[in-house]
2 protein chains.
Amino acid sequence: MLTVYGMKASGNCYKVQLLLEQLRQPYQWIEVNSAAGETRTPEFLALNANGRVPLLRLDDGQLLAESNAILCYLADASPLLPADRLERARVLQWMFFEQYSHEPYIAVARFICGWLPADHPRRDELPRLRERGHAALAVMERHLADSAFFVASGYSVADIALFAYTHCAGMGGIALDDYPNVRAWLDRVRATPGFVPQSP
Amino acid sequence: MLTVYGMKASGNCYKVQLLLEQLRQPYQWIEVNSAAGETRTPEFLALNANGRVPLLRLDDGQLLAESNAILCYLADASPLLPADRLERARVLQWMFFEQYSHEPYIAVARFICGWLPADHPRRDELPRLRERGHAALAVMERHLADSAFFVASGYSVADIALFAYTHCAGMGGIALDDYPNVRAWLDRVRATPGFVPQSP
């Protein structure tokens, strides 16, 4: 059986949970509290030298890191990763957008607001993180004006990757009020078969 | 013919140039100076709402953004992107590592040192960028102790993605002296067929 090392509160880990549920793929989940340093122990670093969750362990013990690489692996040959060469590259385009232009701002703002003390010096980063987060949302809003999902072939792992931190952007003080297309897309994702919300 | 919108001095753009040369694929290059704001004009934003190069235009006018998505598209069905499901996912794992844990530190340190004035306030970011850059190099160094290239099947677009900013890390004050495996791997990349160095 597949094993996921992950922290349920992490959007990057929730991506993997959501996809596995939607694929109806059995798995076991090993909770690893990265906020408490559990991804930095010698035991965990032996599994993933980069010290991050999620981490996927296959039946034969092989390991795969990086949330979006795990999504592509698991969705391979399913409708959630298109077979067409250009469509598949577009899925990757949005997944790299997510990891470079979206997650480092929207997820980090949520982390600072939700996990660090109210007087923590990293709160000084919030104005810049929110500005960049809104820039990412504006790109999404424009794209979704013409598209039900991020890639024309339909709901894909690109949507899962972007849903993970967009749906909870408000926790980092990044409101979605000005992004009606994004909010409608979030609802379309929630209506896909097998959708599960993130654990509270 | 393929068209690349890119800035030759950008490692993300050099990735695409290097791959196209190694694939012996004809292309035209349109130089776009992102450091001078040319990716933020209305004309360019109409091509890529995220305002970044590289951007690939296909024969039929379709556009694809994000350097690593472009690499995967171009290398599809070539030996530089393995067909095996897990190997391909490992290529993606290292490409997402590059965009999340490597480029935001090593490339940004290079940008601050090479493009901004010596008294620019962003120089205050350098100690943290260098620390994180060294952390990424340490992960690479450990992995390359057992591997000639990043993925077991051989030289791939994961190596191209990681080569782009590793080879010039010193420009950002991140020396490679303590990473003999990384330096040997850089030399192996330089020895692959069709390799071209980055334009000075």
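Participant: Is there a simple way to explain the sheet that holds strand E2 (residues 27-31) of chain B in this structure?
Facilitator: Across a sheet, strands are paired by hydrogen bonds formed along the backbone, either parallel or antiparallel in direction. Residues and elements named next belong to chain B. Read from one edge to the other, the open sheet built from four strands follows the order E2-E1-E3-E4, with strand pairing classed as mixed. In this open sheet, the two edge strands, each paired with only one partner strand, are E2 and strand E4 (63-65). Pairs of neighbouring strands in the sheet enclose a mean axial angle of 20 degrees, with direction left out of account. When strand E1 (residues 2-6) meets strand E3 (residues 55-57), the two strands line up antiparallel, connected through three bridges. For Tyr-5, the partnering residue across the bridge sits in E3 and is Leu-55. Relative to E4, helix H3 (residues 67-75) is tilted by about 125 degrees, and along the sheet it contacts E1, E3 and E4.

Participant: Quick question: what am I supposed to make of the sheet that holds strand E4 (residues 63-65) of chain A here?
Facilitator: Residues and elements named next belong to chain A. In space, the four strands of this open sheet follow the order E2-E1-E3-E4, with mixed pairing throughout. In this open sheet, the two strands that pair with only one neighbour each are strand E2 (27-31) and E4. Direction aside, neighbouring strands of the sheet carry axes that sit 20 degrees apart on average. Sheet topology note: the strand E1 (residues 2-6)/E2 ladder contains five bridges and is parallel. Its bridge partner being in E2, Leu-2 is matched across the sheet by Tyr-27. Across the face of the sheet, helix H1 (residues 11-22) comes into contact with E1 and E2 while running at roughly 160 degrees to E2.

Participant: Mind showing me how you'd approach the packing of H1 of chain A against helix H3 (residues 67-75) of chain A here?
Facilitator: When two helices pack together, their arrangement is captured by the angle between the axes and the distance separating the axes. Residues and elements named next belong to chain A. Interhelical geometry of H1 versus H3 gives an angle of 10 degrees and a closest axis separation of 9 Å. Viewed along their axes, H1 and H3 adopt a mutual orientation that is roughly parallel. Across the interface between the two elements, Asn-12, Lys-15, Val-16, Leu-19 and Leu-20 from H1 touch Ser-67, Asn-68, Ile-70, Leu-71, Leu-74 and Ala-75 from H3. Of the residues contributing to the contact of H1 with H3, the split by class is seven nonpolar, three polar and one charged.

Participant: Got a minute to help me understand the side chain of Gln-99 of chain B in this structure?
Facilitator: Within the element layout of this structure, Gln-99 of chain B appears in helix H4 (residues 85-115). Here Asn-12 of chain B takes part through its side chain, which lies 3.5 Å from a polar atom of the side chain of Gln-99 of chain B. Excluding its chain neighbours within four sequence positions, the residues that come into contact with Gln-99 of chain B are Phe-96 and Tyr-100 of chain A together with Asn-12, Lys-15, Glu-66, Ser-67, Asn-68 and Pro-104 of chain B.

Participant: What am I meant to see in empty space enclosed by the protein here?
Facilitator: Space left empty within the atom packing is revealed by a probe, the size of a water molecule, rolled over the atoms. Summed over the entire model, instances satisfying the criterion amount to one cavity of 30 Å³ or more. Within this model, the largest cavity holds a volume of roughly 190 Å³. Along the walls of the largest cavity sit 16 residues, with Arg-88 and Leu-92 of chain A together with Leu-81, Arg-88 and Leu-92 of chain B positioned nearest its centre. Going through the elements one at a time, H3 and helix H4 (85-115) of chain A together with H3 and H4 of chain B are the ones with two or more residues in the lining of the largest cavity. Class assignment of the residues belonging to the lining of the largest cavity gives a composition of 10 nonpolar, no polar and six charged.

Participant: Looking at this model, I keep getting lost on the interface of chain B and chain A. Mind explaining?
Facilitator: Reports of interface size often rely on the accessible area that becomes lost once the parts have come together. Tallying the contact residues gives 33 residues for chain B and 33 residues for chain A. Here chain B packs against chain A, burying approximately 3400 Å² in sum over the two surfaces, 58% of which is carbon and sulfur. The largest share of the area that chain B buries against chain A comes from Arg-85, Phe-96 and Tyr-100 of chain B, three residues that together contribute 23% of it. Remark: the boundary between chain B and chain A carries two salt bridges. Residue Asp-76 of chain B is joined to Arg-88 of chain A by a salt bridge in which the shortest nitrogen-to-oxygen separation is 2.6 Å. On inspection of chain B and its partner chain A, the count reaches 14 residue pairs in polar contact (both at pLDDT 80 or more).

Participant: Looking at this model, I keep getting lost on the state of the cysteines. Mind explaining?
Facilitator: Applying the stated criterion across every chain yields a total of zero disulfides over all chains. Unpaired in terms of disulfides, Cys-13 of chain A finds its nearest cysteine sulfur in Cys-168 of chain A, a separation of 12 Å. Cys-113 of chain B forms no disulfide, and the closest cysteine sulfur to it belongs to Cys-168 of chain B, at a distance of 12 Å.

Participant: Explain the pattern of salt bridges here, please?
Facilitator: Residue and element names in this part refer to chain B. One pass over the structure, following the stated rule, counts eight salt bridges over all chains. The salt bridge involving Lys-15 is made with Glu-98; its shortest N-O contact spans 2.9 Å. Of this pair, Lys-15 sits in helix H1 (residues 11-23) while Glu-98 sits in helix H4, placing them 83 residues apart in sequence. The exposure class assigned to Lys-15 is buried, which follows from its relative accessible area of 0%.

Participant: I tried to follow the side chain of Thr-192 of chain B on my own but got confused; where do I start?
Facilitator: Residues and elements named next belong to chain B. Within the fold, Thr-192 resides in the segment after helix H7 (180-190). At 2.8 Å, the side chain of Thr-192 forms a polar contact with the side chain of Gln-22. In this view, Thr-192 contacts Gln-22, Phe-149 and Tyr-155; residues no more than four positions away in its chain are not counted.

Participant: I keep staring at the packing of aromatic side chains and nothing clicks. Help me out?
Facilitator: Any pair of aromatic rings gets described here by the distance separating the centres and the angle formed by the planes. This structure, assessed with the given rule, holds 21 aromatic pairs over all chains. Judged by centre distance (5.4 Å) and plane angle (85 degrees), the ring pair of Phe-163 of chain A and Phe-195 of chain A falls under edge-to-face. Of this pair, Phe-163 of chain A sits in helix H6 (residues 157-166) while Phe-195 of chain A sits in the segment after helix H7 (180-190); the two residues are 32 residues apart in sequence, bridging distant segments of the chain. The same class applies to Phe-163 of chain A and to Phe-195 of chain A, which are both buried. Through a chain of ring-to-ring contacts, three or more aromatic side chains come together here, namely Tyr-14, Trp-94, Phe-97, Phe-150, Phe-163, Trp-185 and Phe-195 of chain A. Looking at Arg-85 of chain A, its charged tip hangs above the ring of Tyr-73 of chain B, at a distance of 4.1 Å from the centre.

Participant: What is the right way to read the nonpolar core from this model?
Facilitator: One broad trend across soluble globular proteins is that nonpolar side chains are buried collectively. Among the nonpolar cores identified, the biggest contains 144 residues, and Met-95 and Trp-185 of chain A together with Met-95 and Trp-185 of chain B are the most heavily contacted of them. Trp-185 of chain B has contacts with Met-140, Leu-144, Ala-148, Phe-149, Phe-150, Asp-159, Leu-162, Phe-163 and Thr-166 of chain B, leaving out every residue within four places of it along the chain.

Reading the values: the criteria
Residue numbering note: each chain is counted from 1, following its sequence as written. Labels are handed out in written order, letters beginning with A for the chains and numbers beginning with 1 for the ligands. Side-chain atom pairs in this predicted model are given and counted only at pLDDT of 80 or more, local residue features only at pLDDT of at least 70, and totals for whole chains, interfaces and linings cover all residues. Working from all heavy atoms in the structure, the side-chain values ignore hydrogens and water. Strands are labelled as partners when DSSP assigns at least two bridges between them. Secondary structure elements are defined from DSSP: runs of H or I of at least 4 residues count as helices, runs of E of at least 2 residues count as strands, and each element is numbered from the N terminus. For helices, the fitted axis covers only the stretch in contact; all axes are lines through C-alpha atoms, and the angles between them, taken along N-to-C directions, range from 0 to 180 degrees. Throughout, a residue-residue contact means that at least one pair of heavy atoms, one from each residue, lies within 4.5 Å. Should an angle fall under 35 degrees it is called roughly parallel, over 145 degrees roughly antiparallel, and 65 to 115 degrees roughly perpendicular, with every other angle called oblique. In the scheme used here, Gly and all other residues not listed as nonpolar or charged are polar, with Ala, Val, Leu, Ile, Met, Phe, Trp, Tyr, Cys and Pro taken as nonpolar and Asp, Glu, Lys and Arg as charged. Under this definition, polar contacts are N or O atom pairs within 3.5 Å; protein pairs additionally need one hydrogen-donor-capable and one acceptor-capable atom, and for neighbouring residues in sequence, both atoms have to be side-chain atoms. Think of a 1 Å grid over just the protein atoms. A cavity is a set of points where a 1.4 Å probe fits yet cannot get out, a pocket is an open set with protein on both sides within 12 Å along at least five of seven lines, and lining residues have an atom within 4 Å of a point. Grid points are joined across faces, edges and corners, and a volume is the space filled by probe spheres set on the points. In this description, buried area is defined as the sum, over both parts, of the accessible area (probe of 1.4 Å) that is lost when the two are combined. A carboxyl oxygen of Asp or Glu within 4 Å of a side-chain nitrogen of Lys or Arg is what we treat as a salt bridge. We call a pair of cysteine sulfur atoms a disulfide when they lie within 2.5 Å. Burial classes: relative accessible area under 20% of the type maximum marks a residue as buried, over 50% as exposed, and values in between as partly exposed (1.4 Å probe, protein chains only). Whether two aromatic rings pair depends on their centres lying within 6.5 Å, for rings of Phe, Tyr and Trp, where Trp uses its six-membered ring; planes under 30 degrees apart make the pair stacked, over 60 edge-to-face, and the rest tilted. Distance and angle both matter: a charge sits over a ring if NZ of Lys or CZ of Arg is within 6 Å of the ring centre and within 35 degrees of the ring normal. Here, nonpolar core means buried Ala, Val, Leu, Ile, Met, Phe, Trp, Tyr and Cys residues that are tied together by side-chain atoms lying within 4.5 Å of each other.

In short, shape yes, function no, at least from these values alone.
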